[in-house]
Amino acid sequence: MNAVVATSVFAVFMVAAVALGLLALRGRGKGGGLTEWSVGGRSLGPVFIWVLMAGEGYTSFSYLGAAGWGYNYGAPVLYVVAYMSCGYAIGYVVGPMLWGYARRHGLVGITDMVAHRFGRPWLGAVVAVLATVFLLPYIQLQITGMGVVLSVISYGAVSLNWAYFVAFAVTTGFVVVSGLRGSAWVSVLKDVLVIATLGFLAFYVPLHYFDGYGPFLDRLVTEKSDWLTLPGHGGGGSGGSGLGELWFISTTFLNSLTVVIFPTTVAGYLGARNADALRRNAMYLPAYNVLLFVPMLLGLAALFVVPGLAGAESNLALFKLVVDSLPAWVVGVIGVAAGLSSIVPMAVFMLVIGTMWGRSVLSLVPRLAERQKSAAQVVVVVAGGLALLLTYTAPNTLVRLSLISYEGMAQLLPMVLLALVWRRLTFRGAFSGLIVGVAVVCVLVFSGNDPLGGVNAGLVALAANLAVALAVTFAGPRDADPRPDAEVLAHDPVGEEGDPPAVTRAARSASDHRV
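Read on for a plain summary of the structure. (Residues numbered from 1 in each chain as written. Predicted model: local features only at pLDDT ≥ 70, side-chain atom pairs only at ≥ 80, totals over all residues. Heavy atoms only, no water.)

### A closer look at the environment of R371
Considering the arrangement of structural elements, one finds R371 in the loop between α15 (328-361) and α16 (372-393). As for R371 and G358, which are separated by 13 residues in sequence, their C-alpha atoms are 8.2 Å apart. (Helix = DSSP H or I, 4+ residues; strand = E, 2+ residues; numbered from the N terminus.)

Here it is, written out as structure tokens:
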């Protein structure tokens, strides 16, 4: 009976999520062209942009990984709150700049920006392929996360394999139909449930298991003090975790820079109606991160309630606390919040991959150049299907690749960000640095040298990337690009809002090749 109640609640909310995705299309005909589908027609207001970008911080990691890290290590998991808050501060400047650049030139993603900046369409295709390698693991991990959640809240009645398929089917369905606008609408439902469930658990677990925060924290300080300082539990000695002060600082610094050019973050930027909406969000979003303390704290509480969890089982620390002590319908609602926290970011990842390939890769094929949106929608299904297939057949392959996702994406920083503010950076320099940076991060991660001397391997690779890019730029010839700085470089569009000038708007419409 518990399984029936919990899964019924879950099913009702999944149907509601798909319905919201369809409602997002009201009054928009067949959904418009690629710009409408991929960046919401650049017309999303402050509320939708806020919930959409807040969704970047609340994935299945919030309910599984954050609690699991808190359970295994303790204090090092706070890097998530640190880098996201710092990233929002950087995004206050970078977000409007990228929004203005894309708006002026009719661009819909970082691959477009790179291709336009260096005047080489094929370069956008290369970046699209590289970014896909680093994004695909996130889709697989979100499928896995939702599968675990659904299996747990059904009290084992739903197998992991069926749960994986549900995650793929629901997400693919509303992404293909409604695009970024649908994801924003579903984010509203997700955020209401996330706030409600985490807020409830923040009070329920300490009161139910420890008679309040005082006894819980006293016991934590007395019995588990290793979890409260860096490098956390098991972090000391030569065989420790390596998650000490240097790792915390370097990871926070690297990720805070990387998150602002992450393709999914940029999709949120470009969907905004104006730059002021992005500035306001950058100020308000850090407050939303306060909720991330809850799963981390619950992971620490699980140390006393369900001791002995090891390996991947530690990721279930939060759900172990609630499945046996709460009514089935409450378990179902908490499962819905966790499930939507998988679906919404997974949808944006799939959308971004489809957009990059439809705009920068498949558009190079003459027959497909006229059908960019249709091609992008096909890629969404293929990317999701590939992640689902690998979840079934080789679950550890993409999990290993996920280790270099953020660190690999960081290697695009010079080509995407530095190049848009410094005209002197040449194509040869940026491309050489990218090759070196990706090679270094792969070698360090897969040889077991991450962190290296306590420093995040991605930051080491980025330093090598920048060194090579600058050396090649200053040693080699200048790029023969006759375009003026205003055409090539980005700037903060203070005071700019509304639609782009007519000539740019017409160029964007032509580039969409609306179906």
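### Topic: the side chain of E407
Inspection of the secondary structure puts E407 in helix α18 (residues 405-409). Not counting residues within four places of it along the chain, the set of residues in contact with E407 comprises L254, V441, V445, D450, N456, A457 and G458. (Contact = heavy atoms within 4.5 Å.)

### Side note on unusual backbone geometry
Across the junction of L230 and P231, the peptide omega takes the value 5 degrees, indicating a cis bond. Position of P231 among the secondary structure elements: in the loop between α9 (213-223) and α10 (245-258). Each neighbour pair has its own omega, and for D450 with P451 the value is 5 degrees, a cis peptide bond. As for its position among the elements, P451 is in the loop between α20 (427-446) and α21 (457-475). The phi torsion at Y155 lies on the positive side, around 55 degrees, for a residue other than glycine. Locating Y155 in the fold gives a position in the loop between α7 (121-153) and α8 (160-210). Even without being glycine, D211 reaches a positive phi, approximately 65 degrees. Within the secondary structure layout, D211 lies in the loop between α8 and α9.

### Regarding the side chain of N255
Looking at the secondary structure, you find N255 in helix α10. Excluding anything up to four places from it in sequence, N255 contacts Y79, Y83 and Y406.

### Concerning the pattern of salt bridges
Taken as a whole, this structure holds seven salt bridges when the rule is applied. A salt bridge links D191 to K190; its shortest N-O distance comes to 3.3 Å. Across the salt bridge formed by E223 and R219, the nearest N and O atoms sit 3.2 Å from each other. Of this pair, E223 and R219 are both found in helix α9, four residues apart, which corresponds to roughly one turn of the helix. Its relative accessible area of 35% is what places R219 among the partly exposed residues. (Salt bridge = Lys/Arg side-chain N within 4 Å of Asp/Glu carboxyl O. Buried < 20%, exposed > 50% of the residue type's maximum accessible area, 1.4 Å probe, protein only.)

### Remarks on the packing of helix α5 (residues 79-105) against helix α12 (residues 275-288)
Relative to each other, α5 and α12 sit at 175 degrees, their axes nearing to 8 Å. By the criterion of interaxial angle, the relationship of α5 to α12 is roughly antiparallel. Facing S85, Y88, G91, Y92, G95, P96 and W99 of α5, the residues of α12 in contact are A275, L278, R279, A282, M283, L285 and P286. Among the residues forming the contact of α5 with α12, the class breakdown is ten nonpolar, three polar and one charged. (Axes fitted to C-alpha atoms, helices over the stretch in contact; angles between N-to-C directions. Parallel < 35°, antiparallel > 145°, perpendicular 65-115°, else oblique. Nonpolar A, V, L, I, M, F, W, Y, C, P; charged D, E, K, R; others polar.)

### Section: the environment of V441
Locating V441 in the fold gives a position in helix α20. The buried category is assigned to V441, whose relative accessible area is 0%. In the structure, V441 is positioned 15 residues away from N456 in sequence and 9.7 Å away in space, judged by C-alpha atoms.

### Concerning α8
Taking 1.5 Å as the rise per residue, α8 with 51 residues should run 75 Å; its terminal C-alpha atoms sit only 33 Å apart, a clear shortfall. At S178, α8 shows its maximal kink, close to 120 degrees. Trailing α8 by a residue or two, D211 shows a phi angle of about 65 degrees, which is positive. (Expected span 1.5 Å × (residues − 1). Bend = angle between axes of the 7 residues up to and from the residue.)

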